[in-house]
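Remarks on the overall topology
Each chain, letter by letter, is given below.
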Amino acid sequence: VQLQASGGGLVQPGGSLRLSCAASGSGLWVSDMGWYRQAPGKQREVVATITRGGSTIYADSVKGRVTISRDNAKNTVDLQMNSLKPEDTAVYYCYIVYLNGVYWGQGTLVTVSS
């Protein structure tokens, strides 16, 4: 199983970005999917998770600004981020839970700066 994340970049405060992550491999039945992030000098923290049925959980720091979605047929998970703040600057990692194992993407850098 391999995960490929994309969509990071430089954005001004108040701007938006959409991160995408695709899991490769045929016949995958993926349960939970989500995103973590790690800012410089800080521990990795959860941003959002989504179950196969579509239930979502968001970190308090991003509630109301971030929306997670998934496509079960394509095994993709997206993260729409709006009203971005400098404190959202981090490397964002997608993950999936598959057969009770956790698989991670390579990380994509989001920089929020004017």
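Let me sum up the structure you'll find in this document. (Residues numbered from 1 in each chain as written. Predicted model: local features only at pLDDT ≥ 70, side-chain atom pairs only at ≥ 80, totals over all residues. Heavy atoms only, no water.)

Considering the packing of aromatic side chains
Selection rule: Pairing of aromatic rings covers Phe, Tyr and Trp, the last through its six-membered ring, and needs centres within 6.5 Å; plane angles under 30 degrees mean stacked, over 60 mean edge-to-face, and all others mean tilted. Secondary structure elements follow DSSP: runs of H or I of four or more residues count as helices, runs of E of two or more count as strands, with numbering from the N terminus. Note on exposure labels: buried denotes an accessible area under 20% of the residue type's maximum, exposed denotes more than 50%, and partly exposed covers the range between, all computed with a 1.4 Å probe on protein chains only. In this analysis the charged atom, NZ for Lys or CZ for Arg, is taken to sit over a ring once it is within 6 Å of the ring centre and within 35 degrees of the ring normal.
If you walk through the whole model with that rule in mind, you get 4 aromatic pairs. Residues Tyr36 and Trp104 carry aromatic rings whose centres are separated by 5.3 Å and whose planes lie at 75° to one another, so their mutual orientation is edge-to-face. Taken together, the residues span a long stretch of sequence, with Tyr36 in strand E4 (residues 33-38) and Trp104 in strand E10 (residues 101-104) at a distance of 68 residues. Classification of Tyr36 as partly exposed rests on a relative accessible area of 25%. A relative accessible area of 38% means that Trp104 is categorised as partly exposed. Their ring planes at 45° and their centres at 5.5 Å tell us that Tyr95 and Trp104 sit as a pair that is tilted. Owing to a relative accessible area of 8%, Tyr95 belongs among the buried residues under this scheme. Members of the aromatic cluster, connected to one another through ring pairs, are Tyr36, Tyr95 and Trp104. A cation over an aromatic ring shows up here: Arg44 above the ring of Tyr93, its NZ or CZ 3.8 Å from the ring centre.

Brief notes about the state of the cysteines
Basically, it comes down to this: Any pair of cysteine sulfurs within 2.5 Å is marked as a disulfide.
Inspection of every chain in the model, using the stated rule, returns 1 disulfide. Covalently, Cys21 is tied to Cys94 through a disulfide, its sulfur atoms 2.0 Å apart. Here the disulfide of Cys21 and Cys94 is right-handed, its torsion about the S-S bond being about 55°. Taken as a pair, Cys21 in strand E3 (residues 17-24) and Cys94 in strand E9 (residues 90-98) lie far apart in primary sequence, 73 residues in all. A single burial state applies to Cys21 and to Cys94, both of which are buried.

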